[in-house]
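# Overview (structure and organization)
Chain by chain, the residues run as shown.
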2 protein chains.
Amino acid sequence: MSAPLSAQDAPAEPPTPASIAAAARAEEWVAIDPADLLVMDLAPDAKGEPRQLIVQLMPPPFSQGWVGNIRALAKAHWWDGTSVYRVVDNWVAQWGDGEDDKADAKPLPEGLREVPESEYTVPMTCKVYLFEGKVIEDKCDPEFNQLDGVDPYVVKGQVGFSAGWPVAFELQSGGNRVWPTHCYGSVGVARNLSPDTGTGAELYVVIGHAPRQLDRNIAVVGRVIEGIEHLSTLPRGKGEAGVYDDPKLRVPIVSVRLGDKLPEAKRPRFEYLASDSGSFAEYVRVRANRNDAFYRVPAGGIDVCNVQVPIRRVK
Amino acid sequence: MSAPLSAQDAPAEPPTPASIAAAARAEEWVAIDPADLLVMDLAPDAKGEPRQLIVQLMPPPFSQGWVGNIRALAKAHWWDGTSVYRVVDNWVAQWGDGEDDKADAKPLPEGLREVPESEYTVPMTCKVYLFEGKVIEDKCDPEFNQLDGVDPYVVKGQVGFSAGWPVAFELQSGGNRVWPTHCYGSVGVARNLSPDTGTGAELYVVIGHAPRQLDRNIAVVGRVIEGIEHLSTLPRGKGEAGVYDDPKLRVPIVSVRLGDKLPEAKRPRFEYLASDSGSFAEYVRVRANRNDAFYRVPAGGIDVCNVQVPIRRVK
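First, a word on what this report is: a plain description of the structure on this page. Keep in mind that what you see is a predicted model, and the values were worked out from it rather than measured.

Helix and strand counts for chain A stand at four helices and 18 strands. Relative to the globule expectation of 20 Å for 315 residues, the C-alpha radius of gyration of chain A, 21 Å, shows essentially globular dimensions. Overall size of chain A, expressed as C-alpha extent along the three principal axes, is 75 × 60 × 40 Å. Per-residue burial over chain A gives 52% buried out of 315 residues.

Residue and element names in this part refer to chain A. Applying the stated criterion across every chain, the model contains twelve aromatic pairs over all chains. When the ring of Phe 280 is compared with that of Tyr 283, the centres are 6.1 Å apart and the planes differ by 25°; the resulting orientation is stacked. Note that Phe 280 and Tyr 283 are positioned in helix α4 (residues 278-288) at a spacing of three residues, about one turn of the helix. Residue classification places Tyr 283 among the buried positions, given a relative accessible area of 6%. Taken together through their ring pairs, the aromatic side chains of Phe 161, Phe 280 and Tyr 283 make up a single cluster.

The transformation that overlays chain A on chain B combines an axial shift of 0.0 Å with a rotation of 180°, and the residual RMSD is 0.0 Å. The two molecules are tied by a two-fold rotation axis, judged by turn and shift. A share of 100% of interface residues in chain A that are also interface residues in chain B marks the association as one of identical surfaces.

Residues and elements named next belong to chain A. In this structure the tally under the stated criterion is four disulfides over all chains. At a sulfur-sulfur separation of 2.0 Å, the disulfide partner of Cys 126 is Cys 140. Because the torsion about its S-S bond is 105°, the bridge between Cys 126 and Cys 140 counts as right-handed. Separated by 14 residues along the polypeptide, Cys 126 in strand β7 (residues 125-131) and Cys 140 in strand β8 (residues 134-141) bring together distant segments of the chain. Side by side, Cys 126 and Cys 140 carry an identical accessibility label, which is buried. With cysteine numbering restricted to those in disulfides and following the sequence, chain A has the pairing 1-2, 3-4.

Residues and elements named next belong to chain A. Taken in spatial order, the five strands of this open sheet run β6-β12-β11-β10-β9, and their pairing is antiparallel. The sheet terminates laterally at β6 (122-123) and β9 (145-146), the two strands that pair on one side only. By the bridge criterion, six bridges tie strand β10 (residues 157-162) to strand β11 (residues 165-170) in an arrangement that is antiparallel. Looking at the pairing, Val 159 lines up with Ala 168 of β11.

The subject of this paragraph is the interface of chain A and chain B. Taken residue by residue, the interface counts 48 residues in chain A and 48 residues in chain B. Carbon and sulfur atoms make up 54% of the surface buried where chain A meets chain B, a total of about 4,100 Å² over both sides. Ranking the residues of chain A by area buried against chain B places His 209, Phe 294 and Arg 296 of chain A at the top, with a combined share of 18%. Joining chain A to chain B, the criterion identifies two salt bridges. Linking chain A to chain B there are 27 residue pairs in polar contact (both at pLDDT 80 or more).

Moving on to the sheet that holds strand β3 (residues 51-57) of chain B. Sheet strands pair via backbone hydrogen bonds, and the direction of the pair is either parallel or antiparallel. Residues and elements named next belong to chain B. Strands sit in the order β2-β3-β15-β13-β14-β5-β4-β16 around a closed barrel of eight strands; the barrel is antiparallel. Strand after strand, the sheet turns through a mean of 35° between neighbouring axes, direction not considered. Alignment of strand β2 (residues 37-42) against β3, held across six bridges, turns out to be antiparallel. Within β3, the residue paired with Asp 41 across the bridge is Gln 52. Of the strands in this sheet, β2, β3, β13 (186-189), β14 (203-206), β15 (220-226) and β16 (251-258) touch helix α2 (residues 64-75), which is tilted by about 105° from β16.

The next subject is the pattern of salt bridges. Inspection of the entire model under this criterion finds 33 salt bridges over all chains. Among the salt bridges present, the one from Glu 264 of chain A reaches Arg 269 of chain A, with a minimum N-O distance of 3.1 Å. Relative accessible area serves as the criterion here: at 52%, Glu 264 of chain A is assigned to the exposed category. Judged by relative accessible area, Arg 269 of chain A falls into the partly exposed class, the value being 35%. Glu 27 of chain B is paired through a salt bridge with Arg 25 of chain B; the nearest N and O atoms lie 2.8 Å apart. Glu 27 of chain B sits in the exposed class, given a relative accessible area of 59%. Residue Arg 25 of chain B is classed as partly exposed on the basis of its relative accessible area, which comes to 48%. Among the ionic contacts, a cluster of salt bridges with common partners joins Arg 25, Glu 27 and Glu 28 of chain A.

Another point: helix α4 (residues 278-288) of chain B. Here α4 of chain B has its buried residues at Ser 279, Phe 280, Tyr 283, Val 284, Val 286, Arg 287 and Ala 288 of chain B. On its buried face, α4 of chain B is in contact with α1 (17-23), β10 (157-162) and β17 (270-273) of chain B.

A few words on helix α2 (residues 64-75) of chain A. Residues and elements named next belong to chain A. Compared with the 16 Å implied by 1.5 Å per residue over twelve residues, the 16 Å span of α2 between its first and last C-alpha is a close match. Within the span of α2, buried status applies to Gly 65, Trp 66, Val 67, Asn 69, Ile 70, Leu 73 and Ala 74. In the stretch just after α2, His 77 is the one whose phi turns positive, near 60°.

Here the focus is the environment of Arg 71 of chain A. Residues and elements named next belong to chain A. Inspection of the secondary structure assignment puts Arg 71 in helix α2. The exposure class assigned to Arg 71 is partly exposed, which follows from its relative accessible area of 22%. Between the C-alpha atom of Arg 71 and that of Gly 200, which follows or precedes it by 129 residues, the distance is 9.4 Å. With sequence-adjacent residues up to four places away left out, Arg 71 is seen in contact with Ala 35, Asp 36, Leu 57 and Leu 258.

So, how was this worked out
- Residues numbered from 1 in each chain as written.
- Chains lettered and ligands numbered in written order.
- Predicted model: local features only at pLDDT ≥ 70, side-chain atom pairs only at ≥ 80, totals over all residues.
- Heavy atoms only, no water.
- Helix = DSSP H or I, 4+ residues; strand = E, 2+ residues; numbered from the N terminus.
- Rg over C-alpha atoms; globule rule 2.2 N^0.38 Å.
- Buried < 20%, exposed > 50% of the residue type's maximum accessible area, 1.4 Å probe, protein only.
- Phe/Tyr/Trp six-rings, centres within 6.5 Å; stacked < 30°, edge-to-face > 60°.
- Least-squares fit on C-alpha atoms with pLDDT ≥ 70 in both.
- Contact = heavy atoms within 4.5 Å.
- Disulfide = S-S within 2.5 Å.
- Pairing = 2+ DSSP bridges.
- Buried area = accessible area lost by both parts, 1.4 Å probe.
- Salt bridge = Lys/Arg side-chain N within 4 Å of Asp/Glu carboxyl O.
- Polar contact = N/O pair within 3.5 Å; in protein donor to acceptor, adjacent residues only side chain to side chain.
- Axes fitted to C-alpha atoms, helices over the stretch in contact; angles between N-to-C directions.
- Expected span 1.5 Å × (residues − 1).

Dropping the structure here:
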């Protein structure tokens, strides 16, 4: 039997992603304005339990045409009385009126924008300079913190993070472009065939492996930051394209409100770990190179959708 | 108004992944031996509907120590009366006895192997030659069909497919190694801390974004090829590590059988599109470069877990 270690002899536990986020300094966390959150209440479940989801809307400069429409739809209480009507395993759960091709579609509020496909991506400018013979890109607008390593979906560019969101950018002769990526939990705008881009009334959330083929083909307008299990556990639809063939399976949406429209005590308070912070860089490094007790071989890399930016509720 | 097109003037629709799989020649599909399938019957759901899953076991040379144990466990009817006891959103659903740390654990059948960590990967030999000054690897053992493009998890190697399974391989000075990757639907062997590798009695299925950091850290022993929704829609556990804190939430497993032990009429018959076939290569190319009506920007690449090898039931 080996001699017991005293506490001071015990080797320090290797850090985990969770321990790094927990140890981040207060000023590395960024408050999310309740005005940038959607609070979505579904009808209670079969046991009478409440089902609430929180969606964080995409910040400028990304997808702002659709985000503006979504704000208008929430202010008009447009989603109240609509439903979750389509759920496909390893793909999406979708909600809204679900009748957008039909004569009995629910009328939309006045003033929604028809957003052009060109707004799936936005320009990015970076201060570029040479350092020891290498091209260094720095101080990008919008903010861009590159993820080390390669990405199979970006041939002439890079993936990284912008203000806490996973994004991809491409070097283009007409000017570099950047766009939000489709990851687990991403909220996108359902649409008909191109050049239609959708209004934002019909939305979906990704409930499976990141469908990155949708990047630049559909507007990503947000992400579910709490309560996604209320959508990911719903029965899968058996109708065409996973639409519920039995209307009784549709899950009623009681209300969708912008967070700042709720009474003070009910406003959702969240914060994210700044993606330009030292703790975030360390969080990514450790997620890509796990060496805590459970792991024996660090991967040595990670994909942008597997990073999972830390977001937490503020007490 | 433009003149209507007659049918013969209509341009051919661009191919989709589904249209390519549907058009593959019969000899490009490979039958899956029912002896390599697990048929898992859960207790009926709240509406009395049956819940059956089919798991395809990993073929040689991958993970065969654990696969052998799993065959023995199924033959001993060991899982009958156990349960699905842990479900974590965007992570896994796990089943088995769920008491493996405790004195009242269900006894395991005799003769299970203790498989060493070295078997998480297996050797791969490739015939290497030079062609126009480039190193070409060909005729690998096991079979290996490289996916074009890069992978963030493999620094000195490549990802691809081996007999219809997504795998990664690494060039190593001591001999190249290859291993199965963790994708949506992958079945792995739950374990305690290293050097424990698990017996195969406690299994999980991935129900979220590919957790590739588990590659080479846990044995991948199969994949759910039908009925995954019976696990992915289960309520998420609220106990420690997502274990159901209320034992009543555990989902009873009625039986798990190898497919060839079922009566002839009930044996599951499936086939997969050979990953060394021309149609599979075209399927991958089109999945990475969608240009059918819904898409406007082809991604130009794809990750190995997003390819989704075509598997279908045989009538």
